[in-house]
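The primary structure of each chain is shown beneath.
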Amino acid sequence: MSELATEPPTGRAVLDWTDRVLELEVGAVAHGGHCVARAGEDGEPSDDGRVVFVRHALPGERVRAVVTEDPGGAFCRADAVSVLRGSADRVPAPCEWARPGACGGCDFQHATPAAQRALKTDVLREQLERLAGPATAHLPEVRVEELPGGPLGWRTRVRLAVDADGTPGLRAHRSHDVLAVADCPLAPTGSLPPVLAGAFPPGEDLEVTVDATAQAHLPIDGPVAAHAAGHRWDLTPGVFWQVHPSLAPTLAGIVGDWAAAPSGGVAWDLYGGVGVLAAVLAEQVGPGGRVTVVESSRDAVADGRRALAGLPQVDFRIGRAEREVARLEDTPDVVVTDPPRAGLGRAMVAALAARGPARIVHVACDPASLGRDLALFAMQNYRVTALRAFDAFPMTHHMEAVALLERV
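Keep in mind that what you see is a predicted model, and the values were worked out from it rather than measured. (Residues numbered from 1 in each chain as written. Predicted model: local features only at pLDDT ≥ 70, side-chain atom pairs only at ≥ 80, totals over all residues. Heavy atoms only, no water.)

A.B. asks: Explain the pairing of strand β4 (residues 50–55) to me, please; I cannot follow it from the model alone.
C.D. replies: Moving residue by residue along a regular strand, the side chains alternate between the two faces of the sheet. Counting buried positions along β4 yields 5 of 6 residues, so the element is predominantly enclosed. As paired elements, strand β3 (residues 34–39) and β4 share 5 bridges and run antiparallel to each other. By the bridge assignment for β4, Arg 38 is matched with Val 51. As paired elements, β4 and strand β6 (residues 75–85) share 5 bridges and run parallel to each other. Within β6, the residue paired with Arg 55 across the bridge is Asp 79. (Buried < 20%, exposed > 50% of the residue type's maximum accessible area, 1.4 Å probe, protein only. Helix = DSSP H or I, 4+ residues; strand = E, 2+ residues; numbered from the N terminus. Pairing = 2+ DSSP bridges.)

A.B. asks: Would you take a moment to explain the nonpolar core for this structure?
C.D. replies: Note on soluble globular proteins: their nonpolar side chains tend to be buried together. If you look at the biggest cluster of nonpolar residues, it comprises 69 residues, and the most contacted ones within it are Trp 233, Trp 241 and Val 314. In terms of residue count, helix α5 (residues 276–285) provides more of this core than any other element does, 8 residues in total. For this core, the two domains that each supply at least three residues are domain 2 (125–149 + 229–233 + 241–407) and domain 3 (157–221). Apart from residues no more than four positions distant in its own chain, Trp 233 is found in contact with Val 224, Ala 225, Ala 226, Ala 228, Trp 241, Val 274, Gly 275, Val 276, Asp 303, Gly 304, Ala 307 and Leu 308. (Core = buried A, V, L, I, M, F, W, Y, C linked by side-chain atoms within 4.5 Å. Domains from an automatic or database assignment. Contact = heavy atoms within 4.5 Å.)

A.B. asks: What is the right way to read the UniProt feature "domain: TRAM" (unreviewed entry) in the protein chain from this model?
C.D. replies: In the numbering adopted here, UniProt assigns the feature "domain: TRAM" (unreviewed entry) to residues 20–70. In the segment residues 20–70, helix accounts for 0% and strand for 53%; the C-alpha atoms at its two ends are 10 Å apart. (UniProt positions renumbered as here; feature names shortened; annotations may be inferred.)

A.B. asks: Please explain the UniProt feature "active site" (unreviewed entry) in the protein chain as it appears in this structure.
C.D. replies: Sites flagged by UniProt as "active site" (unreviewed entry) map to Cys 365. Its place among the elements puts Cys 365 in the loop between β19 (359–364) and α9 (367–379). Ignoring sequence-local partners within four residues, the contact set of Cys 365 consists of Arg 341, Met 399 and Glu 400.

A.B. asks: Where do I start with the sheet that holds strand β11 (residues 205–210) in this structure?
C.D. replies: The strands making up a sheet are joined through hydrogen bonds of the backbone, oriented either antiparallel or parallel. Sheet architecture is open: 5 strands sit in the order β10-β9-β8-β11-β12, paired in antiparallel fashion. At either end of the open sheet lies a strand with only one pairing partner, and these are β10 (178–179) and β12 (216–217). Both strand β8 (residues 157–162) and strand β9 (residues 168–171) contribute to a ladder of 2 bridges, which runs antiparallel. Looking across to β9, one finds that Val 162 is bridged to Pro 168.

A.B. asks: Before we go on, may I ask you to explain the packing of aromatic side chains in this structure?
C.D. replies: Here the distance between the centres and the angle between the planes together describe a pair of aromatic rings. Applying the stated criterion to the full structure yields 4 aromatic pairs. Taken together, a centroid distance of 6.2 Å and an interplanar angle of 80° make the contact between Trp 154 and Phe 393 edge-to-face. You can see Trp 154 sitting in the loop between β7 (144–145) and β8 and its partner Phe 393 sitting in the loop between β20 (382–390) and β21 (400–407), a full 239 residues away along the chain. Each member of the pair, Trp 154 as well as Phe 393, carries the same accessibility label: buried. Ring geometry for Phe 377 versus Tyr 382: centroids 6.1 Å apart, planes at 70°, classification edge-to-face. When the ring centre of Trp 17 is taken as origin, the NZ or CZ atom of Arg 20, which lies over that ring, is 4.8 Å away. The aromatic ring of Trp 17 is capped on one face by Arg 50, whose charged end is 5.1 Å from the ring centroid. (Phe/Tyr/Trp six-rings, centres within 6.5 Å; stacked < 30°, edge-to-face > 60°. Lys NZ or Arg CZ within 6 Å of the ring centre and 35° of its normal.)

A.B. asks: Whenever I open this one, the pattern of salt bridges confuses me. Can you help?
C.D. replies: Summed over all chains, the structure comprises 27 salt bridges. Two residues, Asp 391 and Lys 120, come together in a salt bridge whose shortest N-O distance is 2.4 Å. Highlighted residues: Asp 391 in the loop between β20 and β21 and Lys 120 in helix α1 (residues 113–132), separated in sequence by 271 residues. Like Asp 391, the residue Lys 120 is buried in the burial classification. Glu 207 is paired through a salt bridge with Arg 159; the nearest N and O atoms lie 3.3 Å apart. Of this pair, Glu 207 sits in strand β11 while Arg 159 sits in strand β8, and the two are 48 residues apart along the sequence. Ionic contacts of the salt-bridge type, sharing partners, join the residues Glu 23, Glu 25, Glu 44, Arg 62, Arg 64 and Arg 85 into one network. (Salt bridge = Lys/Arg side-chain N within 4 Å of Asp/Glu carboxyl O.)

A.B. asks: Would you mind going over α1 with me for this structure?
C.D. replies: Every α-helical turn comprises 3.6 residues, leaving residues that sit three or four positions apart pointing alike. Over its 20 residues, α1 extends 27 Å from the first C-alpha to the last, a length consistent with the 28 Å expected when each residue adds 1.5 Å. By the burial criterion, the buried members of α1 are Ala 115, Gln 116, Arg 117, Leu 119, Lys 120, Thr 121, Val 123, Leu 124, Gln 127, Leu 128 and Ala 132. Against β2 (29–30), α2 (134–137), β7, α9 and β20 lie the buried residues of α1. Where α1 terminates, the next one or two residues include Gly 133, which has phi positive at roughly 60°. (Expected span 1.5 Å × (residues − 1).)

Quick look at the structure:
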């Protein structure tokens, strides 16, 4: 195999290390479920060598790794295939598919649960320092907290893919290939095997929802019941609900502690889904107040209206939050935001700040977008006064964070 591909139109040769075996000293964890190493032209560790993002490794280890992707620039991607010097945090993966070239669902099965949370804490701190800067420098040390239930059996929603033969499974890492797994230990015990043993239309995606009794449901089965904040929701298939069973009540509790919406006041719940957090705000403002939920999914709004029909102070609006904020007439005392992974962004932060709420409770599922948004809020004279993060996705690199912002 040649390490130099054919010359591109610019006339410059492109480096290609694909399939090359490297011996690496593994450095710090990076956002995305891998660690950072550097390799020289000879494939040996080098402090000033090329950046290699290594999966299935831990900081401080020495590994042999195979390059799996090489875009030809300053970095490439690799999988650790043998460990020459292991970390004290390394453990055997509980799933046979959590290995190089296999399932892409998990990033850290080879680390103890405590080490996983420490890795996520390191990522969160690095992203906040780099992207939020002074906006979070005054906060006490933030650690990613454990949620009840342990590292396995927590995933109540699983998306399966169906291969050309009609066999369901999970996708390989950064691939469309479907792995015909027999089970997934992240799902409640016994819930997935009956589905994985079935046959389905080729090429279909299946969203499996697991209820509180570990019974798996497919969309054809109809609504699935969920509970949080003292209410029951009958969820239409495909409607968003937090994957970890403890996350919805945890977020509801934090909103209850931080929002402090005044009795008779006005609260907004943006990207509000079925209104779990709106239910908490409704208790705070009382019958004389008003809570507006903005959500783009019509099914989620329909489910929320049914569940919260006994709270006339809650009003649902269907539409994109970025568009609807300008149409809301009231001046909010508090705003709760739970945007998609990309975060709020400059225009939305400016629009919220212009309405002048005293407090904003901001939920984020990505530490990078969180850091960017907090920096933008600082420019709008909002100060971060509290921040918590949770390991809501054990065995993966994902986390959930909540920040309280108060107007200066």
